[in-house]
Each structure stands twice: as C-alpha cells, then as structure tokens.
Amino acid sequence: MTPVPALQIEGLRKRFGGVTATRDVSITVMPGERRLLIGPNGAGKTTLFNLITGDLRADAGSIRLFGKELRRASTQERVRSGLARTYQILTLFPQETLLHNVSMALIGTRKVGWTPWGRFDRREDLRAASHAALERVGLAGFGRRIVAETSYGERRRLELAMALAQAPKVLLLDEPLAGLSAQERDAVAAVLDGLPRDVTTVLIEHDMDVALAFAERITLLNFGEVILEGTRAEVVADPRTREVYLGE
Amino acid sequence: MRAVMTGAGVAVFLAVLPWVLPGAFYVGIATHVLVFATLALSLNILIGYGGMSSLGHAVYLGVPSYAYAWLTANAGFGVASAAISAVALGTVLAAFFGVLALRASGLGFLMITLALGQIVWGLSYRWVALTGGDNGLRATRPVMFGLDTSDPTVFYYVGAAVFAAVLLCLWQFAGSPFVACLRGTRDQPRRMRMLGHNVWLIRLAAFVAAGFWGSVAGVLYVWDYQFISPQTMSLQQSAEALLMVVLGGAGTLAGPVAGAAIITLVKTVASSYVDRWSSLLGFVFILVVMFMPQGLVPGFRRMARRRAA
C-alpha cells in the first residue's frame, strides 16, 4: 500500500482573462519530501502557491492535503489541515514587535483570539512559544524589537518563524532568500537546513546553490505547465531544464 | 502603574469638573460631551482598530433611543428593562447590518453603512405611528437611588459613571487578543487568513461590539436630551461621529474623547457667538488633516516626544 501523499494536485487550472496562468498542473508530494519548484519569471510558481493556499480560487482540478479535497475550501480550513506559507513580498505586521508577530501566528487556529480583555502582549503562554519560534530562526534576542526597526534579512527570518510557529505539516516557501546579502543568505540557508524532516516542504527559489542542496526532487514549470519532474540529478541533467530555465 | 495613575487622574477630573465649570449650562454641555465621547469610542472600534470607516453609526445612537422612549412610554417598561432591551435591539441590529455591510470593504463598506443609515433615518421620519415622525418621542430621565436627575449636576454624575465604566471596559478591550487580531485584519488581511484567522468573523464581531457600545451611548443620549427625533440619526450626525474619531486620533482611547469634546464644544458654545460654526469646524478639520494627519492626540504625543528628545 502506498502512503497518502501530503500534497496532491491534479489537473489544476487557472485563467486570468485570456491568460492561462496554470495549465493542467499535476504535482504529487509525499510526506516528508522536500520539493523544489523552478521556472523562469511568470512560469506560474507563485500563482500555484496562491491556488494551494486559497488566496486564489482554481477554475478546475483538485487540491488534496493528506487525501482531503480542499479546492473549494477557505484558506482558514486549509491552514487547519496543516498548511502554512511564507511570502516572497514580506507580509508582516510592521508596527508591532517580533514577539507580537509570532504570537499572531500562534493564535491563528486557537480560541484565544476571541478574548476581548487582558493584555495580549503579556500572555506568558504565548510569549514562551513565540520566543522558541524566534530562537529556531536565530532571532532569540530580537523579540522586543519593532519589525520596522529590523533589517531585511531579519524580516525574512521572521516570515519563517511565523510559518514554523503554526506547526505546519505542509510548508510552502516562496523565495525565502530573495534580496538577501551573502551573509544573511547563509543565516536563512541554515534555518532551511534545520527544518524538521517530517515537515513536507515545497520551495520556490532562484538561488540554486541553496535550493539544490535543500531539495531532493524538482519540478520545472514554464508558461503555467509542468515541463519536467524528477530527482535533482535528473532535472539538472535534462536538456529541457537548460532550454527553459537557463536560456539557450 | 502608569495605567492606575491615568485612571485615577481621569476619575478625579470627572469628579471635580462640575465644581470648576461656571454654571449649570456648562455642566449640561459637559454631559453632552460624555454622551458623544461614548459614541465616538464605540465607532473607534471600527475605524481605529478595524480600519473600517462607517457613515451610518448614528443608527446606534438613534434606534436604542427610540426603543427606550417607546418602551417606557407605551409598553410600561421600567428604566432597567427598557435600557437593556434598547441596547439589545441596537446590538442585534448591528449584527444584521454588519452581515450586509461586510459583503464589501473600503469604500463599498462605507457606502453600504451610509445607505443602511439613510434607510433607518427615512423610516424614523415616515413611520409616524411608531416614531412620531418629525415630532419625535419624549422620554424622562430615570430616577435612580432616589436622586433628582433633573438637576444637571446630578445627571452629570450619572453620565460620568456610565462613561467611566465604558472607558474602563474599552481600555481593557484595547490591549486584548481580540483587538490584536482586529488590527491584524486591518494591516494584513491576507496574512491573517494564512495564519488561520477568520477575517470576516473578526470584522463582524468588531461591528457588533461597536453597535453594542454605540447603543449604550444611545441610552445615555435619550436620558440626557429626554427627546429623540430623526435628526439624531441623520447623515450629519453619522459624519460628525466619524469626524470626532478622525480629528482626535483613531486607534487611541483619548483621541475619540478629545474629538467628541472639541466638536460638541464648537457646536454648542461657539455657535452662540459665531453664525458659521460649521465653517469653523471645517477649518479646524483642514488644519488637523494638514499638520496632524493621525489626529490631535497622536500628533501632540509625537510633538511632546520630539520636545523631550
């Protein structure tokens, strides 16, 4: 008996007017797998993420998380099924502290958020767990800083801390290394490396050194279509990768 | 500790204010300020924390006022049961209107609240059998603990007690996990969804909370003015409430109170000296928007901080 895939996408389609952004995409990711999505700009990688999370509604096809059909489900339902993501364009609460940001991630699927009294920023239960999440991304001493006062690299790591705080089963990472200096890049790469092995991870990344070290399997997209899928060695060696991605 | 000091300061200020003011007329105005400060604080939940601008909030001032006046006059309700029923009605109405208005956001939301407000206002004009139409309804001030509330100073203390209680509740509310989530839906709705929050339900809860506290202001209003007419629910009244929040500083507690005080004072005091008091109000508003776009309270706080630095 084969195990149930963590993420199973079949015949997924999305059109924006005359443009087909996602064309019959089928991808299966097994539990614990680390998958890399590559393709040139406009290939439909981030659109695919948005379809998986429910930020966009697919026109046709199926999205299953551990066998549960979620194409018509709300984002909230998908998150409750174990999905989390980071954004390529930072999507944080810039006027709040890092601890506050992570706490917002922690209470997303709990009832605490409905309490209309007490001090949110002084809750010991949240503070300890938030500290732990920040520690995992190397931001241990930064909890009390305001996001607007941190560096870009620190914000990238905060994105990761928030997604990790959600204790996801399936994690979508949208270019976690985008725009980072070499030093910051190493810090984030170390965080990626330390991700728990039982978390199924799908990564979009253009930094090939880090991305290839991270992923075992690679899916190549172009013009909204899956061109090629295989192990790291297979995809790197395939002439179509060179043709589509690296440019002839 | 600072919070306790501030709270004590507010309590002392409210307690001694009638002794400082030059006469009963001004004590009456101070009571009006407290009524509108309560209304502005309730609207601030929507605007300040939720980022949702409403042009129909006077509904929650008017409907509970009508309900209270009608129930005490025609249904034999006592003070407490009429007040509770009026607040309950306003809150249920807010839940209903919230579901309708939250089909949209931003400008669409604003227009739906405006339209709903105008519908209720129109009903209050036309449904003469229930509302008395243009003539409005009369109500009497409640007799509490054998106090003579027809005396302006005595009634001021009733208003101040209610206002202080509302302020205490909203101060607790402001730092709560719920408001943290509400501010999250204002700043990053997409991220909030991705974190598992139900953005729509958080906004609806905020709308209901604003309706509830607005209804408390409504009961206070009908006690204070002892009269309710369609004018109380007009677009002008809703716009003034919005102006109070924005002028004083949305998202703070002191801001809406300051805004309510300024607008009520300009309306009642300045209007006896200046004919074009609404022009004066407009001028004040333009100045604030130009020099302190966040509102007076955050503006002065920033100035003080810069002075100290």
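A separate point is the overall build of chain A. Secondary structure assignment for chain A yields 9 helices and 10 strands. Relative to the globule expectation of 18 Å for 248 residues, the C-alpha radius of gyration of chain A, 18 Å, shows essentially globular dimensions. With respect to the principal axes defined by its C-alpha atoms, chain A has extents near 55 × 40 × 40 Å. Put simply, of all contacts in chain A between residues at least 6 apart along the chain, 66% involve residues at least 24 apart.

Glancing now at unusual backbone geometry. All names here are of chain A. One non-glycine residue, Ala167, lies in positive phi territory at about 50 degrees. Within the fold, Ala167 resides in the loop between helix 5 (152-165) and strand 7 (170-174). On the neighbour-count criterion, Ala167 (15 C-beta atoms within 10 Å) is partly exposed.

Counting from both sides, the interface comprises 19 residues of chain B and, opposite them, 24 residues of chain A. For the side of chain B that touches chain A, the elements supplying multiple residues, two or more each, are helix 7 (152-174), helix 8 (177-187) and helix 9 (189-194) of chain B. Taken together, the residues of the side of chain B that touches chain A sort by class into 7 nonpolar, 8 polar and 4 charged.

What follows concerns the packing of helix 2 (residues 24-49) of chain B against helix 11 (residues 235-248) of chain B. Packed helices, taken two at a time, are described by their axes: the angle between them and the distance between them. Residue and element names in this part refer to chain B. One way to put it is that helix 2 packs onto helix 11 with a least axis distance of 9 Å and a crossing angle of 75 degrees. Here helix 11 runs roughly perpendicular to helix 2, going by the angle between their axes. Contacts from Phe36, Leu39, Ala40, Leu43, Asn44, Ile47 and Gly48 of helix 2 reach helix 11 at Ala241, Leu242, Met244 and Val245. Considering only residue class, the contact of helix 2 with helix 11 consists of 9 nonpolar, 2 polar and no charged.

Further remarks concern the sheet that holds strand 8 (residues 200-204) of chain A. Residues and elements named next belong to chain A. What the 6 strands build is an open sheet, ordered 6-7-8-3-9-10; its pairing is mixed. Each having just a single partner strand, strand 6 (83-85) and strand 10 (225-231) make up the two edges of the open sheet. Between one strand axis and the next, the sheet turns through 20 degrees on average, direction left out of account. Relative to strand 7, strand 6 is paired through 3 bridges, and the arrangement is parallel. Following the sheet pairing, Arg85 is matched in strand 7 by Leu172. Packing of helix 1 (residues 45-53) onto the sheet brings it into contact with strand 3 (34-38), strand 6, strand 7, strand 8 and strand 9 (217-222), and relative to strand 7 it is tilted by some 145 degrees.

Another point: the sheet that holds strand 4 (residues 60-65) of chain A. Residues and elements named next belong to chain A. Spatially, 4 strands are ordered 2-1-4-5 in an open sheet, and the strand pairing comes out antiparallel. The strands lining the two open edges of the sheet, one partner per strand, are strand 2 (19-29) and strand 5 (68-69). As paired strands, strand 4 and strand 5 are joined by 2 bridges and run antiparallel to one another. Of the residues in strand 5, the one forming a bridge with Arg64 is Glu69. Along the sheet face, helix 1 touches strand 1 (7-16), strand 2 and strand 4 and points at about 70 degrees away from the line of strand 2.

As a further point, take the packing of helix 2 of chain B against helix 7 of chain B. All names here are of chain B. With their axes 9 Å apart at the nearest point, helix 2 and helix 7 run at an angle of 25 degrees to one another. With respect to helix 7, the element helix 2 is oriented roughly parallel. As helix 2 runs across helix 7, the sense of the crossing is left-handed. Residues Ala24, Val27, Gly28, Ala30, Thr31, Leu34, Val35, Ala37, Thr38 and Leu41 of helix 2 pack against Pro152, Thr153, Phe155, Tyr156, Gly159, Ala160, Phe163, Val166 and Leu170 of helix 7. Its residues assigned to classes, the contact of helix 2 with helix 7 shows 14 nonpolar, 5 polar and no charged.

For the rest of this paragraph, the subject is the nonpolar core. Within the largest apolar cluster, 160 residues are counted, with the highest numbers of intra-cluster contacts made by Val102 and Ala161 of chain A together with Ala37, Ala40 and Ala206 of chain B. When residues in this core are grouped by element, the largest group, 16 residues, is from helix 10 (residues 199-225) of chain B. Sequence-distant contacts of Val102 of chain A, that is, excluding residues within four places in its chain, are made with Ser130, Ala133, Leu134, Ala161, Met162 and Ala165 of chain A.

An α-helix turns once every 3.6 residues. As a result, residues three or four positions apart point the same way. Residues and elements named next belong to chain B. For helix 3 (residues 59-74), built from 16 residues, the straight-helix expectation of 22 Å at 1.5 Å per residue is met to within 8% by its first-to-last C-alpha distance of 22 Å. Taken across its 16 residues, helix 3 has 12 buried, putting it largely inside the fold. For helix 3, every residue scored as buried is listed here: Val59, Tyr60, Leu61, Gly62, Val63, Pro64, Ser65, Tyr66, Ala67, Tyr68, Ala69 and Thr72. Trailing helix 3 by a residue or two, Gly76 shows a phi angle of about 70 degrees, which is positive.

Rules behind the numbers
- Residue positions are given per chain, counting from 1 as you read along its sequence in written order.
- Labels are handed out in written order, letters beginning with A for the chains and numbers beginning with 1 for the ligands.
- Under the rules for a predicted model, residues below a pLDDT of 70 receive no local features and side-chain atom pairs below 80 are neither given nor counted, while totals for whole chains, interfaces and linings still include all residues.
- The way it works is that DSSP assigns letters per residue, a run of H or I at least four long becomes a helix, a run of E at least two long becomes a strand, and they are numbered from the N terminus.
- Two things to know: the radius of gyration comes from C-alpha atoms, and the globule rule equals 2.2 Å times the number of residues to the power 0.38.
- By the criterion used throughout, residues are in contact when their C-beta atoms, derived from the backbone, lie within 7 Å.
- Three exposure classes are used, all based on how many other C-beta atoms lie within 10 Å of a residue's own C-beta (placed from the backbone): buried at 20 or more, exposed at 12 or fewer, and partly exposed between those limits.
- Charged residues are taken to be Asp, Glu, Lys and Arg, nonpolar residues to be Ala, Val, Leu, Ile, Met, Phe, Trp, Tyr, Cys and Pro, and polar residues to be all remaining types, Gly included.
- Lines fitted to C-alpha atoms define the axes, with helix axes restricted to the stretch in contact, and inter-axis angles between N-to-C directions lie between 0 and 180 degrees.
- Put simply, angles under 35 degrees are roughly parallel, angles over 145 are roughly antiparallel, angles from 65 to 115 are roughly perpendicular, and the rest are oblique.
- Between any two strands, pairing holds if DSSP finds at least two bridges.
- The handedness criterion is simple: a crossing whose near helix is rotated anticlockwise from the far helix by less than a right angle is left-handed, and one whose near helix is rotated clockwise is right-handed.
- In this usage, the nonpolar core is the set of buried Ala, Val, Leu, Ile, Met, Phe, Trp, Tyr and Cys residues whose C-beta atoms join them within 7 Å.
- One less than the number of residues in a helix, times 1.5 Å, gives the span that helix is expected to have.

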